[in-house]
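Overview (structure and organization)
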Amino acid sequence: MKAILCRQYGPPESLTLEDLPSLVPGPKQVVIAVRAAGVNFPDTLIIQGKYQFKPDMPFSPGGEVAGVIRAVGTEVTGLHVGDRVLAPLGWGGYAEEAIAEAWRVLPIPPDMDFATASAFVLTYGTSHHALKDRAQLRPGETVLVLGAAGGVGLAAIEIAKAMGARVIAAASSDEKLAVCAEHGADELIQYERDDLRERLKQITQGRGVDVVYDPVGGAYSEAVLRSTAWNGRFLVVGFAAGDIPSIPLNLPLLKGCAIVGVFWGAFARNEPARNAQNMDELLAWFQQGKVRPHICARYPLEQAADAMKAIASRAAKGKVVITMAGASS
């Protein structure tokens with residue numbers, strides 16, 4: 001089978017496409033014949049040694065896949081060869097075959113194709129956990145989403161709307177904001193043109209926002225923290241801008257707000273039952289048409305470096321997917 005491998009830390013162009021032996025599952029694992037792999041910002045970090053996990057070399061990046069089970073470990077129950085499944089992996093997904101722990105594997109709904117399935121788990125799992133479990137979002141509250149045209153951003157817009165919130169989307173271009181509006185955003189801020197804090201005052205009539213969803217970090221984080229309402233929640237989701245901001249701790253004191261960390265991967269490992277309930281709710285929302293990944297680009301496996309560059313440059317609107325033969329079924 002073919003796989004994209006990282007043999008030394010570096011940029012996407014340092015990755016190699018190689019032929020490897022077929023995989024064999026451990027007792028509690030399955031082997032998935034990959035039909036599509038989602039491309040996510042952590043994939044660009046893990047190949048540079050900048051992510052919190054550092055797999056042994058060589059490894060394949062790729063944190064989520066969708067495909068068909070090819071082999072099942074001896075202790076696995078409830079999963080069978082031929083099942084259509086999706087799975088979050090951490091890494092190992094940019095390949096024609098991937099190993100997954102059986103507890104991570106979920107069936108793909110009949111009306112979901114492989115590409116959509118591969119773009120679902122990480123972004124929607126993260127945003128759902130952030131808004132439901134960490135922010136405890138309530139109907140009628142106002143949510144500000146930074147980097148709103150990215151994968152987690154669009155997922156956050158849809159999930160917040162499904163939970164009954166008013167959503168303000170902030171992005172860096174009118175083209176990106178148009179996509180946000182298509183996915184349900186009520187108000188739009190082009191933060192490279194608009195005065196972010198002033199627009200938030202106008203939109204909220206000076207009250208501030210109840211929840212900030214921030215996967216970007218960088219220069220805007222402190223400004224939007226200053227724009228939270230009393231009892232607001234500032235969700236720390238990631239740092240796509242590259243800079244981890246230093247926040248003055250007098251701000252949450254004065255604002256009466258909370259700074260809340262969001263690490264969906266750790267939540268899924270530590271609270272698998274609650275995570276399973278969340279995934280059931282998300283898949284039900286998909287079948288009801290409330291959430292649907294926006295795939296802006298698809299690349300074949302041999303162009304995985306280009307797919308990662310699209311994510312790293314923040315040029316993507318929604319999700320980028322690597323597809324194999326048969327991904328449309």
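Within any chain, residue numbers begin from 1 and follow the written order of that chain's sequence. Local features in this predicted model are restricted to residues whose pLDDT is 70 or higher, and side-chain atom pairs enter the listing and the counts only when it is 80 or higher, whereas totals over whole chains, interfaces and linings include all residues. The basis for the side-chain values is all heavy atoms of the structure; hydrogens and waters are excluded.

Our next topic: empty space enclosed by the protein. In this analysis a 1.4 Å probe is tested at points of a 1 Å grid over the protein atoms alone, and where it fits but cannot get out there is a cavity; an open set with protein on both sides within 12 Å along at least five of seven lines is a pocket; lining residues have an atom within 4 Å of a point. Grid points are joined across faces, edges and corners, and a volume is the space filled by probe spheres set on the points. Per the counting criterion, the structure on display carries 1 cavity of 30 Å³ or more. Roughly 40 Å³ of volume is contained in the largest cavity. Forming the boundary of the largest cavity are Ala119, Thr123, Tyr124, Gly151, Leu154, Ala155, Pro293, His294, Gly318 and Lys319. Per the convention used, a helix needs a DSSP run of H or I reaching at least four residues, while a strand needs a run of E reaching at least two, with both numbered from the N terminus. Residue assignment for the lining of the largest cavity shows that the elements contributing at least two residues are helix H3 (121–134) and helix H4 (151–162). The classification used treats Ala, Val, Leu, Ile, Met, Phe, Trp, Tyr, Cys and Pro as nonpolar, Asp, Glu, Lys and Arg as charged, and all other residues, Gly among them, as polar. Here the lining of the largest cavity is built from residues that sort into 5 nonpolar, 4 polar and 1 charged.

This part is about the environment of Pro252. Secondary-structure assignment places Pro252 in helix H8 (residues 250–255). Pro252 sits in the buried class, given a relative accessible area of 16%. Separated by 26 residues in the primary sequence, Pro252 and Arg226 have C-alpha atoms spaced 8.6 Å apart. Contacts were defined at the residue level, with two residues in contact if any of their heavy atoms lie within 4.5 Å. Leave out the neighbours within four places in its chain, and Pro252 touches Cys257 and Ile259. Relative accessibility decides the category of a residue: with a 1.4 Å probe and only protein chains considered, values under 20% of the type maximum give buried, values over 50% give exposed, and everything between is partly exposed.

Here we take up H3. Along an α-helix, residues three or four positions apart point the same way, because every turn accommodates 3.6 residues. Among the 14 residues that make up H3, 12 are buried, leaving the element largely enclosed by the rest of the structure. Listed as buried for H3 are Val121, Leu122, Thr123, Tyr124, Gly125, Thr126, Ser127, His128, His129, Ala130, Leu131 and Asp133. Positive backbone phi, approximately 50°, marks Gln136, located one or two places after H3.

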